[in-house]
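For reference, the chains in residue letters:
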Amino acid sequence: MNTDSTMYQGWPEVDESKKLLIEQVHAFAESKIKPMAAKLDATGEFPKEIIQQLSEMGIMGMMVPEQWGGSGMDTVSYAMALEEIAAACASTAVIVSVNNSLVCAPLNYFGSDLQKQKYLTPLAQGKKLGCFALSEPGHGSDPAGLECSATRVAGGFKIRGTKNWITNGKEADYCIVFATVDKTQGHKGICCFIVDTKAPGFQVSKLEDKLGITASSTAQLFFDDVYVPDECLLGKIGEGLKIALNTLDGGRIGIASQALGISRSAFESSKRFASEREQFGAPIAKLQAIQWFIADMATRLQGARLLTWAAARSKDLGLKFTKEAAMAKLAASEAAMWITTKAIQVHGGYGYTKEYSVERNFRDAKITEIYEGTSEIQRLVIAAQEFANVNKS
Ligand code: CAA
């Protein structure tokens, strides 16, 4: 059973089927993922067997209709499941999140039946793994100016350019790639392609050595005139940036959920430690300084969780959820950084060592403020929506 069922209070949508799913994912995460997390972090080894087992549980294509190999679940269930996985291992959570939110989702929304049959189905079943290649060395926060080119050739396109910080880039079978057919057209020249990573010219040119989430690969990819047939154009010519930004709206709910899991792990460890650790003749949980840390952690965690579920529910209801997703990611990632920092403080000298998972939680938390849009970009997105009427006039 989940450690804190009160977190569902006031959420009638969390019905018995969702609770059952969460209990199953929680049990798997506790028994199979958590015991491996420190080793995966130390070795940077890709959690192949865990991903295989998560595939069998239907977790790699959670929101994809059953017709296309997925589990046909809603976004709220996805957010809850990701939190459970991230509470055990943040690296595993981002591998799952990228495959679901950044790869399966655009194929599901924008793909033709042929593309869904050929690419989405094996990705949703977890028989194949995907990555999302938008960022470039000179274009992280500003993808509209990307330089990777797609040149028209007989029957398709040739893609040339470099992509940076691509999660799953080393292991992916298929890559969602954004490239421009005409740089002079600005974002209206950007297109989205499905690239088979076995295609000649596809290269993993560098693997990043990172602060956290070490068991998920972060790759630089070089596309050396990679030929992509017409059938691999996702959406229409010039729709690429909209596909990317629409996809990232959903992705941000995934990263918010990952941040919640990291926070929860640090929070629970802090409560345990504070109850057991004695100083001045009593458990440190009796000290008001520690109680205030715990109270603030609980409040920030639940606040971020409710924003994340609200964004997920807006998406499930078919409402515009750009602002809600940005708020969820901003709140959850900043809560994760704050909670993991305080968690180390509660653990004192022990928290600074690898003996306690809060050290890993702290390192893993930082990336959630950066990828899929930095906190500053989330603020821009939120402010743009708040000033939408002003900007129109
Ligand atoms: N959904 C769909 N379309 C959208 C959209 C959205 N959420 N937001 C904007 N658009 C459309 C606009 O309507 C506009 O189209 P028209 O000109 O036809 O009206 C077009 O996209 C451009 O819009 P803007 O002028 O508002 O866009 P911008 O260039 O000023 O950028 C931004 C806005 C918010 C800064 C955006 O670029 C952004 O989110 N940047 C961050 C990118 C990011 O998150 N990168 C992470 C990469 S993935 C990753 O992290 C790797 C990994 O593996 C985990």
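Residues numbered from 1 in each chain as written. Predicted model: local features only at pLDDT ≥ 70, side-chain atom pairs only at ≥ 80, totals over all residues. Heavy atoms only, no water.

### A few points about the domain arrangement of the chain
The domain boundaries assigned to the chain delineate domain 1 (5-124), domain 2 (130-241) and domain 3 (246-392). Once you take the C-alpha centre of each, domain 1 and domain 3 turn out to be 19 Å apart. Every contact between the two is made by 31 residues of domain 1 and, on the other side, 30 residues of domain 3. Taking both partners together, domain 1 and domain 3 bury about 2500 Å²; carbon and sulfur atoms supply 58% of that area. (Domains from an automatic or database assignment. Contact = heavy atoms within 4.5 Å. Buried area = accessible area lost by both parts, 1.4 Å probe.)

### What to know about the side chain of Ser101
With respect to the helices and strands, Ser101 occurs in helix H4 (residues 90-110). Looking at Ser101, its side chain comes within polar contact range of the side chain of Tyr78, at 2.5 Å. Aside from chain neighbours lying at most four places away, what touches Ser101 is Tyr78, Pro106, Thr247, Gly250, Gly251 and Gly254. (Helix = DSSP H or I, 4+ residues; strand = E, 2+ residues; numbered from the N terminus. Polar contact = N/O pair within 3.5 Å; in protein donor to acceptor, adjacent residues only side chain to side chain.)

### Examining the site of the ligand
Around the ligand, 23 residues are found, and the nearest of them are Ser141, His187, Asp249, Arg252 and Glu372. Interatomic distance of 2.8 Å between a side-chain N/O atom of His187 and an oxygen atom of the ligand. In this structure the site holding the ligand corresponds to the largest pocket. Looking at the shell around the ligand, the elements that each hand over two or more residues are strand E3 (156-167), helix H6 (240-276) and helix H10 (375-386). With 7 residues, H6 is the largest single contributor of residues to the shell around the ligand. Of the residues belonging to the shell around the ligand, the class tally is 10 nonpolar, 8 polar and 5 charged. (Near = heavy atom within 4 Å. 1 Å grid on protein atoms, 1.4 Å probe; cavity = no way out; pocket = protein on both sides within 12 Å on 5 of 7 lines; lining within 4 Å. Sits in = over half its atoms within 2 Å of the grid points. Nonpolar A, V, L, I, M, F, W, Y, C, P; charged D, E, K, R; others polar.)

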